[in-house]
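Given next are the chains, with one letter for each unit.
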Amino acid sequence: MIDGRQRTIIKVFRKYSHSLGPEALKFLEEILDRHGIQDDDVEVSVETVAREYNKQDDAVMKVSLDVLRRVYDLLQDQGAGDAKSELLEPDSHLYVIDAFEMPLWNWSHERGTFERSAVPPTISGTAESRINAVRNRLFVIRQSILRNEHFSPSTIPSRDREHLVTLKSSKQLLGRAGERFLLLGMLVHNNEGSLCLEDADGDVVLDLSKLDEPGEGLYTEGCIALVEGEYTKDGTLEVIAIGQPPCEDRETARSIYGHIDFLGKGSTTLLEDNQYARRVREELSDVYFFFLSDVWLDHPGTFLGLQKMFDNCIENSFIPRVIVMCGNFTSRSIAQGSARDIQRYHVWRSSLLRIHRSQRITHFVFVPGPLDVTSNATLPRRPILSSFTSQLKAKIPRVHLTTNPCRLKFFAQEIVVFREDTMARMLRNTVEVKPNVSGEDLRRYTMLDQSHLTPLTSQVQPVSFDFDHSLRLYPLPTAVVLADRYEKYKLTYSGCHVFNPGSFVGSSFTFSTYCPAEGSSEEG
């Protein structure tokens, strides 16, 4: 019979899809005894070993004792003879990542990991693009669920098995009327208008008549949900519970897939991430990012608000490292506007020059909104047309005209910036699972649990399927900026800080200030 300490060791390695034999388990217990690790600290200590083991090229599912010994020796040598580190240079670790430059990684169900696509993505896509995009969404969430402690069985017989939940697929329901099942799939409507749950093997019609209270979050057509119910003779699933998939934190995902370069800017290990995070807290506590949304250039007060913000920065020597301005940059589409609206893009340049000339450290990032002029209407959106911004870029070198969404990589941090009126779109397209919904449901749960910025069907939110991965929120980012017309808010969920900077228009000139050292935002 295994004791509590052994159970903890097994649980930690099981989270990384590794099983322990008797020799490896004994070796780990000896390490803990040798260093006098108390029971309360066992999980943290074993987690360090498990992460490092998982990063080894020759690591296998059943833990190899030889590799485990090598990992222990590496950890013993870490930090020995620590030389004085060079000063951190923020600009050399700051990247503005275009959605169309992110490499495409597809989930391989056969290999159980991500594989880089050998076919370059195109804006038009292929016949398989849509299928791959939906399958990626489903399998990325499924693999993280199967690693969850409530779904992952122990490699050693124990009482834990009695409390495990098993996922089934739609094809396993056939001929098993009267039995209860737990399924993971996408909520869709079939040709008859009935709500169905669709997975990789098929679909089943949902009967919600006996559903009392669904789980937290918004349920839209196109979102992925966990559904529990009883299969009936009529071929429907009588639903008794429905909920959002559990969210896997960034550290767990990075410890497993840290070797994969999702952003295209070079991969770093979890150890390097932790070292950078510590040094950013200690050495770069005065670095700040500003985030503004709805900077209407045809609004008379916008330029006064920008000038006031820049003057305050200069007077107080509070110069931000990055200023991210999100659209819409006009109150109406330029296609519906006049020549004066277009000229305001050029007048805007002078408002930015003053702060740039005073302190040449600030990077300006411009993210287009739904009404701004870009070369495509689907997500991800390309940058604002160069005909409107060429003079701006010529005068200010540190200008980044990027896509919507885009990402900022700053040392170990990944910040996703998304400008879309997602709240209204999702509230308009909820399914009949949860009649009374609120903004709190979206803010707290839906997007991060769905690991996607737009958990909707392509009919509701058109997407370039070859670039759907640029909307993916896996591994979970450090922060997500949801620049929405909805009210301003901020929260931290599963270690990810989410905030809406609010609209800059009006008399308040609302914006948000993000501090990388603290991983949190404040109202500007």
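Keep in mind it's a predicted model, so treat the numbers as computed, not measured. Throughout, a residue's number is its position along its own chain's written sequence, starting from 1. With pLDDT at 70 or above as the cut-off, local features in this predicted model cover only qualifying residues; side-chain atom pairs require 80 or more to be listed or tallied, and sums for whole chains, interfaces and linings still use all residues. With hydrogens and water stripped out, all remaining heavy atoms of the structure feed into the side-chain values.

Visitor: Hey, could you run me through the overall build of the protein chain in this one?
Guide: Assigned secondary structure in the protein chain consists of twelve helices and 19 strands. Note on exposure labels: buried denotes an accessible area under 20% of the residue type's maximum, exposed denotes more than 50%, and partly exposed covers the range between, all computed with a 1.4 Å probe on protein chains only. Going through the 524 residues of the protein chain one by one, you find that 53% of them count as buried. When checking whether two residues touch, look at their non-hydrogen atoms; a contact exists if any pair is within 4.5 Å. Restricting the contact set of the protein chain to residue pairs at least 6 apart, pairs at least 24 apart contribute 69%. When the accessible surface of the protein chain is summed, it comes to about 24,100 Å², and 47% of that surface belongs to carbon and sulfur atoms. Only DSSP runs of H or I covering at least 4 residues are called helices, and only runs of E covering at least 2 are called strands; the numbering of each starts at the N terminus. All accessible areas in this document rest on Shrake-Rupley with a 1.4 Å probe, and a residue is counted as covered only by the protein chains that are shown.

Visitor: Help me understand the sheet that holds strand S12 (residues 399-401), please; the structure alone is not making it clear to me.
Guide: Consider a sheet: its strands pair through backbone hydrogen bonds, and that pairing is either parallel or antiparallel. Read from one edge to the other, the open sheet built from six strands follows the order S12-S11-S10-S9-S18-S19, with strand pairing classed as mixed. Strand pairing shows two members of the sheet lacking a second neighbour, S12 and strand S19 (520-523), which therefore form its edges. Taking each pair of neighbouring strands and ignoring which way they run, the sheet shows an average axis angle of 20 degrees. Summarising the sheet, strand S9 (residues 289-293) and strand S10 (residues 322-326) pair through five bridges and their orientation is parallel. Looking at S10, one finds that Phe 290 is bridged to Ile 323. Along the sheet, helix H8 (residues 302-315) makes contact with S9, S10 and strand S11 (363-367), crossing S9 at roughly 170 degrees. At least two DSSP bridges between two strands are required for those strands to pair. What counts as an axis is a line fitted to C-alpha atoms, over the stretch in contact for a helix, and the angles between N-to-C directions run from 0 to 180 degrees.

Visitor: Which parts of the structure should I look at to understand unusual backbone geometry?
Guide: What is expected of a backbone is that most residues other than glycine have negative phi and most peptide bonds are trans. Here the amide bond leading from Asn 404 into Pro 405 is cis, since omega sits at 0 degrees, within 30 degrees of zero. Cis peptide bonds are those with omega within 30 degrees of zero, and the linkage from Tyr 474 to Pro 475 qualifies with -10 degrees. Positive phi outside glycine occurs at Asp 294, with the angle close to 55 degrees. As for its position among the elements, Asp 294 is in the loop between S9 and H8. The phi dihedral of Ser 317 is positive, around 50 degrees, even though this residue is not glycine.

Visitor: Help me out: how do you make sense of the environment of Leu 237 in this one?
Guide: Looking at the secondary structure, you find Leu 237 in strand S8 (residues 236-243). As a C-alpha pair, Leu 237 and Leu 206 span 31 residues in sequence and 5.0 Å in three-dimensional space. Beyond its immediate stretch of four places on either side in the chain, Leu 237 contacts Leu 173, Leu 183, Val 204, Val 205, Leu 206, Asp 207, Val 227, Gly 229, Glu 230 and Tyr 231.

Visitor: Any chance you could explain the pattern of salt bridges here in plain terms?
Guide: Where charged atoms from two side chains of opposite charge come close, those side chains can pair. Salt bridge, as used here: a side-chain nitrogen of Lys or Arg that lies within 4 Å of a carboxyl oxygen of Asp or Glu. On inspection of all chains with the given rule, the structure shows 22 salt bridges. For Arg 419, the salt bridge is made with Asp 421, and the minimal N-O distance between the two is 2.9 Å. Overall, Arg 419 belongs to the buried group, its relative accessible area being 0%. Overlapping salt bridges, with partners in common, bring together Asp 294, Arg 419, Asp 421 and Arg 485 in one network.

Visitor: Please clarify how the environment of Ser 390 should be interpreted in this entry.
Guide: Its place among the elements puts Ser 390 in helix H10 (residues 386-395). For Ser 390, a relative accessible area of 43% gives the class partly exposed.

Visitor: Please clarify how the nonpolar core should be interpreted in this entry.
Guide: Soluble globular proteins: nonpolar side chains tend toward being buried together. By size, the foremost hydrophobic cluster in this structure holds 35 residues, and its most contacted members are Ile 9, Phe 13, Leu 20, Leu 28, Leu 68, Phe 114 and Tyr 257. For this core, the leading source of residues is helix H2 (residues 22-34), giving six residues. Beyond its immediate chain neighbours, meaning those up to four positions away, Tyr 257 contacts Trp 107, Gly 112, Thr 113, Phe 114, Gln 143, Arg 147, Phe 262 and Tyr 474. Of all hydrophobic cores here, the second largest spans 25 residues; its members include Val 367, Ile 415, Ala 479 and Tyr 514. In this description, a nonpolar core means a group of buried Ala, Val, Leu, Ile, Met, Phe, Trp, Tyr and Cys residues linked to one another through side-chain atoms lying within 4.5 Å.

Visitor: What exactly am I supposed to notice about the sheet that holds strand S1 (residues 94-98) here?
Guide: Across the sheet, six strands lie side by side as S1-S13-S14-S15-S17-S16; this open sheet has mixed pairing. The sheet is open, and its two borders are formed by S1 and strand S16 (489-493), each paired with just one other strand. Taking each pair of neighbouring strands and ignoring which way they run, the sheet shows an average axis angle of 15 degrees. Bridge count between strand S14 (residues 413-419) and strand S15 (residues 479-483): five bridges; the pairing is parallel. Opposite Phe 418, over in S15, you have Leu 482 as the bridge partner.

Visitor: Which parts of the structure should I look at to understand the environment of Leu 206?
Guide: Secondary-structure assignment places Leu 206 in strand S6 (residues 202-207). On the basis of relative accessibility, which here comes to 9%, the residue Leu 206 falls in the buried class. Residues Leu 206 and Cys 196 lie ten residues apart in sequence; the distance between their C-alpha atoms is 5.3 Å.

Visitor: What exactly am I supposed to notice about the packing of aromatic side chains here?
Guide: The relation between two aromatic rings is expressed through the spacing of the ring centres and the mutual angle of the planes. A pair of aromatic rings is counted whenever rings of Phe, Tyr or Trp (Trp by its six-membered ring) have centres within 6.5 Å, and the orientation is called stacked for planes under 30 degrees apart, edge-to-face for over 60 and tilted otherwise. Evaluated as defined, the whole model comprises 21 aromatic pairs. Clustering of aromatic rings is evident, with ring pairs tying together Tyr 276, Phe 289, Phe 291, Phe 410, Phe 411, Phe 499 and Tyr 514. Whether a charge sits over a ring depends on NZ of Lys or CZ of Arg being within 6 Å of the ring centre and within 35 degrees of the ring normal. Looking at Arg 382, its charged tip hangs above the ring of Phe 100, at a distance of 3.9 Å from the centre.

Visitor: Any chance you could explain the packing of helix H1 (residues 4-15) against helix H3 (residues 42-54) here in plain terms?
Guide: To characterise two packed helices, one gives the angle between the axes of the helices and the distance between these axes. Put simply, H1 and H3 touch, their axes get as near as 9 Å, and they point 40 degrees apart. Every pair of crossing elements has a handedness; the one defined by H1 and H3 is right-handed. Mapping the contact onto sequence places Arg 5, Thr 8, Ile 9, Lys 11, Val 12, Phe 13 and Lys 15 in H1 and Val 42, Glu 43, Val 46, Glu 47, Val 49 and Ala 50 in H3. Classes in brief: Ala, Val, Leu, Ile, Met, Phe, Trp, Tyr, Cys and Pro nonpolar; Asp, Glu, Lys and Arg charged; the others, Gly included, polar. For the contact of H1 with H3, the residue count by class is seven nonpolar, one polar and five charged. If you view the pair so one helix is near and one far, a crossing is left-handed when the near helix is turned anticlockwise from the far one by less than a right angle, and right-handed when it is turned clockwise.

Visitor: Even after reading the chapter, I still don't get H2, so can you show me in this structure?
Guide: Quick reminder: α-helices carry 3.6 residues per turn. Residues three or four places apart thus point the same way. Here the expected length of a helix is defined as 1.5 Å per residue gap, with one fewer gap than residues. Taking 1.5 Å as the rise per residue, H2 with 13 residues should run 18 Å; its terminal C-alpha atoms sit 18 Å apart, in good agreement. Contacts from the buried residues of H2 go to H1, H3 and helix H4 (65-77). Looking one or two residues past H2, Gly 36 carries a phi angle of roughly 65 degrees, positive in sign.

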